[in-house]
Amino acid sequence: MEASFPPDFPDVFADPEKIEEVLTNLIENSIKFSPDGGTISIKGEVSDNQVLVTVADEGIGIPLRDHDYIFTPFYRVEYGSARKVKGTGLGLYICKTLVEAHGGQIWVDSELGKGACVTFTLRHTGK
């Protein structure tokens, strides 16, 4: 696992326990859906009045047709080896709920067979 954050990464307006839950869910998903291993990276960036945090993997990826649904409760990707992964389909829904409760957004960029990048935003304090 690799992490990359700029040295001047600002504080954010957030409940640390809830954002830890978001990151835990995203990292656990990356591990579960990377059956052949590969690198999992966590990257932080600063943009205007917000930060962007991305968790990326080199796993099985998410079909484009599922992108609009993966953040809904109980939705599970039913394609290839993803069917073998246990779960309730609540992890990404919980992430979306927590990020939006903090005024942020969350989205996925993924191609089947090429891994997934999930990015979320949070407002920063400007410090």
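Above this note sits the structure.
Caption draft 1: Quick peek at the overall build of the chain. In terms of helices and strands, the chain carries two helices and five strands. Helices and strands appear in the chain in the N-to-C order β-α-β-β-α-β-β. Over its C-alpha atoms the chain spans a radius of gyration of 14 Å, differing by no more than 12% from the 14 Å that the globule rule assigns to 127 residues. Expressed as lengths along the three principal axes of its C-alpha atoms, the size of the chain is roughly 45 × 30 × 25 Å. Taking the intrachain contacts of the chain between residues at least 6 apart in sequence as the baseline, contacts between residues at least 24 apart amount to 64%. Of the roughly 7,600 Å² that the chain leaves accessible, carbon and sulfur atoms contribute 52%. Distance between charge centres in the chain, computed from 12 positive and 19 negative side chains, equals 7 Å.

Caption draft 2: Broad picture of the pairing of strand β4 (residues 106–110). Burial of β4 is one-sided: the residues Ile106, Val108 and Ser110 facing one way are buried, the residues Trp107 and Asp109 facing the other way are not. Of the strand pairs in this sheet, β4 and strand β5 (residues 116–123) are connected by five bridges, and their pairing is antiparallel. The residue of β5 that forms the bridge with Asp109 is Cys117. The antiparallel pairing of β4 with β5 creates a hairpin that spans five residues between the two strands, and Gly113 there sits at a positive phi of about 80°.

Caption draft 3: Fine view of the environment of Gly61. Tracing the backbone through its elements, the reader meets Gly61 in the loop between β3 (50–56) and α2 (91–101). The contact partners of Gly61, leaving out residues within four places of it in the chain, are Ser110, Glu111, Leu112, Gly113 and Gly115.

Caption draft 4: How the structure looks around the nonpolar core. Within the largest apolar cluster, 23 residues are counted, with the highest numbers of intra-cluster contacts made by Val22, Leu26, Ile70, Phe71, Ile106 and Phe120. When near neighbours in sequence (up to four residues on either side) are disregarded, Leu26 contacts Val55, Leu92, Cys95, Val118 and Phe120.

Caption draft 5: Inspection of unusual backbone geometry at higher detail. One non-glycine residue, Asp48, lies in the positive phi region at around 50°. Its place among the elements puts Asp48 in the loop between β2 (41–47) and β3. Positioned with a positive phi, Phe74 is a non-glycine residue whose angle comes to about 70°.

Cut-offs used in this document
- Residues numbered from 1 in each chain as written.
- Predicted model: local features only at pLDDT ≥ 70, side-chain atom pairs only at ≥ 80, totals over all residues.
- Heavy atoms only, no water.
- Helix = DSSP H or I, 4+ residues; strand = E, 2+ residues; numbered from the N terminus.
- Rg over C-alpha atoms; globule rule 2.2 N^0.38 Å.
- Contact = heavy atoms within 4.5 Å.
- Areas by Shrake-Rupley, 256 points an atom, 1.4 Å probe, with all protein chains shown as cover.
- Lys, Arg positive; Asp, Glu negative; His and termini not counted.
- Charge placed at Lys NZ, Arg CZ, Asp CG, Glu CD.
- Buried < 20%, exposed > 50% of the residue type's maximum accessible area, 1.4 Å probe, protein only.
- Pairing = 2+ DSSP bridges.
- Core = buried A, V, L, I, M, F, W, Y, C linked by side-chain atoms within 4.5 Å.

On their own, these measurements won't tell you what the molecule is for.
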